[in-house]
Amino acid sequence: MTHLVVEPRSFFFGTPVVLISTLNEDGSANLAPMSSAWWMRWSCMLGLSAKGKTVQNLRRERQCVLNLPSWDLGGAVDRLQDTTGLNPVPEDKAARGYRYEPDKFGAAQLTPVASELVGPPRVAECPVQLEAVIEAVHPFGRADEQLVGIEARIVRAHIEESILVPGQHQYVDGDTWSPLIFSFGEFYGLSSAPTATSAA
Ligand SMILES: Cc1cc2nc3c(=O)[nH]c(=O)nc-3n(C[C@H](O)[C@H](O)[C@H](O)COP(=O)(O)O)c2cc1C
C-alpha cells in the first residue's frame, strides 16, 4: 500500500441515513435527512449542524422520531436534499442552493403517521421508526463549525415485521434488511453476505 498524506473534505465512510422528524413552533412537522448517527443500546448520538431547523426544534421540544429508510428509498431522501425548514433560508445555505420547504413530507412523497409517545410523526414508509426523547445537547467539533452532538434516548421502537428474525423479535435480521447507506456523497444498500459473525 502507498499511503498519501491528504486533506479529505469529509470522512463519510458509510453510515445509515436517518430521517429525523421534529415539530415546528406551529405544530407542523419538519423532516430532515442526516447520517452522522451512532447507536449504543437504546441511546443514540446525533451529529448535527446547530444552524438547522431540526436542532432548533430539538432544543425546544426535546422529542423526535428517528426513521431509518431502506436502500430503495434513496429517491425520497434525494427529494429532501437542499431543503430546510428555516424561513428565511440562512445566507450560507441559500448560496449553496437550499430552499425553504414547509411541507417536507409532501416534498419527499412520504406519509406521516402519528407516534405513540412523542409529538413528531413517524414516516410510514420507513421499516424502522424510533420514537425518542432528547437527554442532552453537547458542543461538538470546533466552535466556529457550530456543530452539536445530540444525545437521544429511544422510548418506543416500531420495526416492520418482515425484517425481524423469525421467532426472535428482539433482533433485526441483517440478512433481510438493507438500510440506506450514505457514503462519500452517494447512496448504497448493504449487499454482500456477512464475512464473519460476531457475538454482538
Ligand atoms: C444523505 C444526507 C445526510 C446528511 N447528514 C447530515 C448530518 O449527519 N448532519 C447534519 O447536520 N446535516 C446532514 N445533512 C444535511 C441536512 O439534511 C440539511 O442541512 C438540511 O437542510 C437540514 O434541514 P433543517 O434545516 O430543516 O433541519 C444530510 C443531508 C443528506 C441529504
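Everything that follows concerns the structure shown earlier in this document.
Rules of the game
- Numbering of residues starts from 1 in each chain and follows the order in which that chain's sequence is written.
- Totals for whole chains, interfaces and linings use every residue, but because this is a predicted model, local features are given only for residues with pLDDT of at least 70 and side-chain atom pairs only at 80 or more, for both listing and counting.
- Remark: hydrogens and water are excluded; side-chain values derive from all non-hydrogen atoms of the structure.
- A pair of Phe, Tyr and Trp rings is counted when the ring centres sit within 6.5 Å of each other, with Trp represented by its six-membered ring. The angle between the planes then sorts it: under 30 degrees is stacked, over 60 is edge-to-face, the rest tilted.
- Helical segments are the DSSP runs of H or I of at least four residues, strand segments are the runs of E of at least two, and each set is numbered from the N terminus.
- For the exposure calls, accessible area comes from a 1.4 Å probe over protein chains only, and a residue counts as buried if that area is under 20% of its type's maximum, exposed if over 50%, partly exposed in between.
- Strands are treated as partners if at least two bridges between them are detected by DSSP.

Chemist: So what's going on with the packing of aromatic side chains? Residues and values would help.
Modeler: Scanning all chains against the criterion turns up 4 aromatic pairs. Relative to Phe-182, the ring of Phe-12 lies with its centre 5.7 Å away and its plane at 55 degrees, an arrangement referred to as tilted. Here Phe-12 is found in the segment before β1 (15–16), whereas its partner Phe-182 is found in strand β15 (residues 181–183), with 170 residues between them in sequence. Judged by relative accessible area, which is 35%, Phe-12 ranks as partly exposed. Residue class for Phe-182 comes out buried when judged on its relative accessible area of 19%. Measuring from ring centre to ring centre gives 5.7 Å for Phe-13 and Phe-184, while their planes differ by 80 degrees; the resulting arrangement is edge-to-face. Within this pair, whereas Phe-13 is found in the segment before β1, its partner Phe-184 is found in the loop between β15 and β16 (186–188), the two being separated by 171 residues in sequence. Given a relative accessible area of 64%, Phe-13 falls into the exposed group. The class of Phe-184 is partly exposed, set by a relative accessible area of 46%. Here the aromatic residues Phe-11, Phe-13 and Phe-184 are joined through ring pairs into a cluster of three or more.

Chemist: Run through the environment of Asp-78, naming residues and quoting values.
Modeler: Assignment of secondary structure puts Asp-78 in helix α2 (residues 74–80). Accessibility expressed as a relative area gives 43% for Asp-78, which makes it partly exposed. In sequence terms Asp-78 and Pro-33 are 45 residues apart; their C-alpha atoms lie 9.1 Å from each other.

Chemist: Mind laying out the pairing of strand β11 (residues 128–140), listing which residues take part and the relevant values?
Modeler: Pairing between strand β6 (residues 63–68) and β11: 6 bridges, direction antiparallel. For Val-65, the partnering residue across the bridge sits in β11 and is Glu-131. Inspection of the sheet shows β11 paired to strand β12 (residues 147–159) by 12 bridges, in the antiparallel sense. Along β12, the bridge assignment pairs Ile-134 with Ala-152. Counted between consecutive antiparallel strands, the loop separating β11 from β12 contains 6 residues, among which Gly-141 sits at a positive phi close to 70 degrees.

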